Amino acid sequence: MFKNVYNWIDERLDITPIWRDVADHEVPEHVNPAHHFSAFVYCFGGLTFFITVIQILSGMFLTMYYVPDIINAYASVEYLQTKVAFGQIVRGMHHWGASLVIVMMFLHTMRVFFTGSYKAPREMNWVVGMLIFFVMLGLGLTGYLLPWDNKAYFATKVTLEIANSVPVMGPVLKELMQGGTIVGAETLTRFFALHVFFLPAVLLILLVGHFIMIRRQGISGPL
Amino acid sequence: MAHKDDSKEKVVFVGDSRVRRGNGFITPPDYSAYPGKSEAFIPNFLLKEWMVGVVVLVGILVLTISEPAPLGFPANATATVIPIPDWYFLFLYQYLKLPYASGDYIVLGTLGVTGVAFGSLLLAPFLDTGRERRFYRRPIASSLMFLSLAAIVYLTNTAWTEYKHEMAETGQIPEDVQREEKAAENRAAGLPTTTVVQTKDIAIVDKDDPAMALYKQASCVSCHAVDMKGTGGPPSLRGVGDKHDKAAILTIIKEGKGQMPPMYETAMGAGLSEQDIDDLAGWLAKQKSEQ
């Protein structure tokens, strides 16, 4: 049955080469913890992606309840946290996942750095990886404001003051993010839009680039 | 097309399908070139990776259940809260407080060192171009990274210690803890546990009463506003009758309260008679939220 469906689609779209490119490859011994336990350091990239998937899924469920305006934002988060069945779990996963993804990404970056895996011909993949890192930090920064409690509000105020202190670009950048002269309603909707639409879109594009490159170039050889 | 007509076999898999032969592309060595046992990604290796993934997932869930995500009190611009960013920004936050990265040297802080550090991280492959990969054979790159890591650990720790210290000094408790405690108390007392600010719009009672004109004439309006909703500090007078009766309101007008100065003489100066002020107090006492 499954095979027939696959063949039916394959006859029309020739998906076998795509499938091969995506999935049909071998994992060399030197990155396989089953053979060398120390190779667990090669897991961090995959775990970063795994937690990213958790973040996307939990985030999708959070937006079912979250209301991005200053009157209701806090109330909706509190409702989600205290009243909705499993709301506390979903929000908790998103909250802790946000920290863990930074940890995993940091460990992954360190592994790539200290094994010198960013060297030719993989320079571009390192650059894309660093861009992913910056986007992730941006997601953390924008997501921090969304519960609209005092901690979020005052941290964002400080962040925007820091942005403001950058010469020339600073004030423009601050006003762009803040959407006005104070941290208020417009700031919240802008951070929400950035957190939920702009940055994830950029993140997904970069991830696709990251994965295509690793498939094209393969994982770096043993040291 | 990938298929040959004369072949019944659809999948012709030889070696590593990832790499297309072409000019100029630097072909990475085939895995068969590496010593040892390689393993198919799907399903063998992915299954093992999934096992690691499950362990991580359980870890997140344990963390989630034992430590609910914190939530403080609703944002209020007048609250006194020590600002603290998320933990992975602490090192930057602390760094920007250093004397040579703040104040007059803020440009050095935001663009100079930070820009150079993150810029060189972004462009590491173009700065460290040697062929050597082992970190102990790349002393400059490795030692710079170790130095940065040490700085990050030091700055993060300092930031957190200072924050804790400041909290203890000002006697503040993190708001998420306060909220939890308050919610627990309210729950025990059978009260609503929400900390959402409830704003009910209270109507002005007897808006056409001559006392409304007196209210404006007596300059109450300059602090308590035309719509009687107050101006931040000075409270709303809508529903003031719930809190004070006529006598109490007269006392407040005569003696002031908190930040409010005695207003009796001012009102007299604005042309109100004693009877007017009495009427005004009587009218204010009628301002109850529920009719």
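Residues numbered from 1 in each chain as written. Chains lettered and ligands numbered in written order. Predicted model: local features only at pLDDT ≥ 70, side-chain atom pairs only at ≥ 80, totals over all residues. Heavy atoms only, no water.

Novice: Could you clarify how one ought to interpret the overall build of chain A in this entry?
Specialist: Counting its regular elements, chain A contains 9 helices and 1 strand. From first element to last, N terminus to C terminus, chain A shows the α and β order α-α-β-α-α-α-α-α-α-α. The C-alpha extent of chain A, read off along each of the three principal axes, is 55 × 50 × 35 Å. Considering chain A as a whole, with its 223 residues, one finds that 50% of them fall into the buried category. Of the contacts formed within chain A by residues at least 6 apart in sequence, a portion of 65% connects residues at least 24 apart. Summed over its atoms, the accessible surface of chain A is roughly 10,600 Å², and 75% of this surface lies on carbon and sulfur atoms. Distance between charge centres in chain A, computed from 14 positive and 14 negative side chains, equals 4 Å. (Helix = DSSP H or I, 4+ residues; strand = E, 2+ residues; numbered from the N terminus. Buried < 20%, exposed > 50% of the residue type's maximum accessible area, 1.4 Å probe, protein only. Contact = heavy atoms within 4.5 Å. Areas by Shrake-Rupley, 256 points an atom, 1.4 Å probe, with all protein chains shown as cover. Lys, Arg positive; Asp, Glu negative; His and termini not counted. Charge placed at Lys NZ, Arg CZ, Asp CG, Glu CD.)

Novice: Explain the nonpolar core here, please?
Specialist: Judged by nonpolar contacts, the single largest core of 39 residues is most densely connected at Ile102(A), Phe113(A), Tyr118(A), Trp126(A), Ile132(A), Met136(A) and Leu203(A). Listing elements by their share of this core, those giving two or more residues are helix H3 (44-62), helix H5 (87-114), helix H6 (123-145) and helix H9 (185-217) of chain A together with helix H1 (41-66) and helix H5 (139-169) of chain B. Top element by residues in this core is H6(A). It accounts for 10 residues. The contacts of Tyr118(A), once residues within four sequence positions are left out, are Val112(A), Phe113(A), Glu123(A), Trp126(A), Ala124(B), Pro125(B), Asp128(B), Arg138(B) and Ala141(B). Counting residues in each nonpolar core, the second largest holds 23 residues, with Met212(B), Ala218(B), Tyr264(B) and Leu280(B) among its members. (Core = buried A, V, L, I, M, F, W, Y, C linked by side-chain atoms within 4.5 Å.)

Novice: What should I look at first to understand the pattern of salt bridges in this one?
Specialist: Close approach of charged atoms allows side chains with opposite charge to pair. Tallied over the entire structure, the rule returns 12 salt bridges over all chains. We note a salt bridge from Glu132(B) to Arg134(B), for which the minimum N-O separation is 3.0 Å. Residue class for Arg134(B) comes out partly exposed when judged on its relative accessible area of 28%. With its nearest N and O atoms 3.8 Å apart, the salt bridge here joins Glu132(B) to Arg137(B). Given a relative accessible area of 25%, Glu132(B) falls into the partly exposed group. Overlapping salt bridges bring together Lys119(A), Asp128(B) and Arg138(B) as one network. (Salt bridge = Lys/Arg side-chain N within 4 Å of Asp/Glu carboxyl O.)

Novice: Would you mind going over the packing of H3(A) against H5(A) with me for this structure?
Specialist: For any two helices packed against each other, the geometry comes down to the angle between their axes and how far apart the axes lie. All names here are of chain A. Between H3 and H5, whose axes approach to 8 Å, the crossing angle comes to 155°. Classed by the angle they form, the pair H3 and H5 counts as roughly antiparallel. Like other packed secondary-structure pairs, H3 and H5 cross with a definite hand, here left-handed. The segment H3 lies against H5, with Phe 44, Gly 45, Leu 47, Thr 48, Ile 51, Thr 52, Ile 54, Gln 55, Ser 58, Gly 59, Phe 61 and Leu 62 engaging Val 90, Arg 91, Met 93, His 94, Gly 97, Ala 98, Leu 100, Val 101, Met 104, Met 105, Leu 107 and His 108. Along the lines of polarity and charge, the residues of the contact of H3 with H5 split into 14 nonpolar, 9 polar and 1 charged. (Axes fitted to C-alpha atoms, helices over the stretch in contact; angles between N-to-C directions. Parallel < 35°, antiparallel > 145°, perpendicular 65-115°, else oblique. Left-handed = near helix turned anticlockwise from the far one by under 90°. Nonpolar A, V, L, I, M, F, W, Y, C, P; charged D, E, K, R; others polar.)

Novice: Just checking my understanding: could you explain the environment of Thr158(B) for this structure?
Specialist: All names here are of chain B. Note on placement: Thr 158 falls in helix H5. Classification of Thr 158 as buried rests on a relative accessible area of 18%. Distance in space between the C-alpha atoms of Thr 158 and Leu 90 is 8.9 Å, their sequence separation being 68 residues.

Novice: For this particular structure, what's the right way to read the side chain of His224(B)?
Specialist: Structurally, His224(B) can be placed in helix H8 (residues 221-224). Residues contacting His224(B), with those up to four places away along its chain left out, are Tyr215(B), Lys229(B), Gly230(B), Pro234(B), Pro235(B), Leu237(B) and Met260(B).

Novice: Explain the UniProt feature "domain: Cytochrome b/b6 N-terminal region profile" (unreviewed entry) in chain A to me, please; I cannot follow it from the model alone.
Specialist: Under the UniProt annotation, "domain: Cytochrome b/b6 N-terminal region profile" (unreviewed entry) lies at residues 5-223 of chain A. For the annotated span residues 5-223 of chain A, helix accounts for 71% and strand for 1% of the residues, and the straight-line distance between the end C-alpha atoms is 44 Å. (UniProt positions renumbered as here; feature names shortened; annotations may be inferred.)

Novice: What should I look at first to understand the UniProt feature "transmembrane region" (unreviewed entry) in chain A in this one?
Specialist: Residues and elements named next belong to chain A. Those places that UniProt annotates as "transmembrane region" (unreviewed entry) correspond, in this numbering, to residues 39-67, 96-114, 126-146 and 192-214. The span residues 39-67 is 66% helical and 0% strand by assignment, and the distance between its end C-alpha atoms comes to 44 Å. Across residues 126-146 one finds 95% helix and 0% strand; the C-alpha atoms that close the span lie 31 Å apart.

Novice: I tried to follow the UniProt feature "transmembrane region" (unreviewed entry) in chain B on my own but got confused; where do I start?
Specialist: All names here are of chain B. UniProt records the feature "transmembrane region" (unreviewed entry) at residues 45-65, 105-127 and 139-157, using the numbering of this structure. With 100% helix and 0% strand, the stretch residues 45-65 has end C-alpha atoms that lie 30 Å from each other. A helix fraction of 91% and a strand fraction of 0% characterise residues 105-127, whose end C-alpha atoms lie 27 Å from each other.

Novice: What exactly am I supposed to notice about the packing of aromatic side chains here?
Specialist: For any pair of aromatic rings, the description consists of the separation of the ring centres together with the inter-plane angle of the planes. Inspection of every chain in the model, using the stated rule, returns 23 aromatic pairs over all chains. Here Tyr118(A) and Trp126(A) contribute two aromatic rings whose centre-to-centre distance is 5.0 Å and whose plane-to-plane angle is 45°, an arrangement assigned as tilted. Using a relative accessible area of 1% as the deciding quantity, one classes Tyr118(A) as buried. Taking relative accessible area as the criterion, Trp126(A) reaches 5% and is therefore assigned buried. Here Tyr100(B) and Tyr105(B) contribute two aromatic rings whose centre-to-centre distance is 5.0 Å and whose plane-to-plane angle is 45°, an arrangement assigned as tilted. By relative accessible area, Tyr100(B) is classed as exposed at 57%. Members of the aromatic cluster, each reached through a chain of ring pairs, are Phe113(A), Phe114(A), Tyr118(A), Trp126(A), Phe135(B), Tyr136(B) and Phe146(B). Just above the ring of Phe113(A) sits the side chain of Arg138(B); from NZ or CZ to the centre is 5.4 Å. Its end group placed over the ring of Tyr264(B), Lys254(B) keeps NZ or CZ at 5.4 Å from the ring centre. (Phe/Tyr/Trp six-rings, centres within 6.5 Å; stacked < 30°, edge-to-face > 60°. Lys NZ or Arg CZ within 6 Å of the ring centre and 35° of its normal.)

Novice: Help me understand helix H6 (residues 175-188) of chain B in this model?
Specialist: Within an α-helix, residues lying three or four positions from one another point in the same direction, as the helix has 3.6 residues per turn. Helix length check: H6(B), at 14 residues, gives a terminal C-alpha distance of 20 Å against a target of 20 Å (1.5 Å per residue), a fit within 8%. Positive phi shows up at Gly190(B), right after H6(B), with a value of about 75°. (Expected span 1.5 Å × (residues − 1).)

Novice: How should I be thinking about the packing of helix H4 (residues 73-82) of chain A against H5(A) in this particular structure?
Specialist: Residues and elements named next belong to chain A. One way to put it is that H4 packs onto H5 with a least axis distance of 6 Å and a crossing angle of 115°. When the axis of H4 is compared with that of H5, the two are roughly perpendicular. Together, Val 77, Leu 80 and Gln 81 of H4 and Gly 87, Gln 88 and Arg 91 of H5 make up the contact between the two elements. Of the residues in the contact of H4 with H5, the class split is 2 nonpolar, 3 polar and 1 charged.

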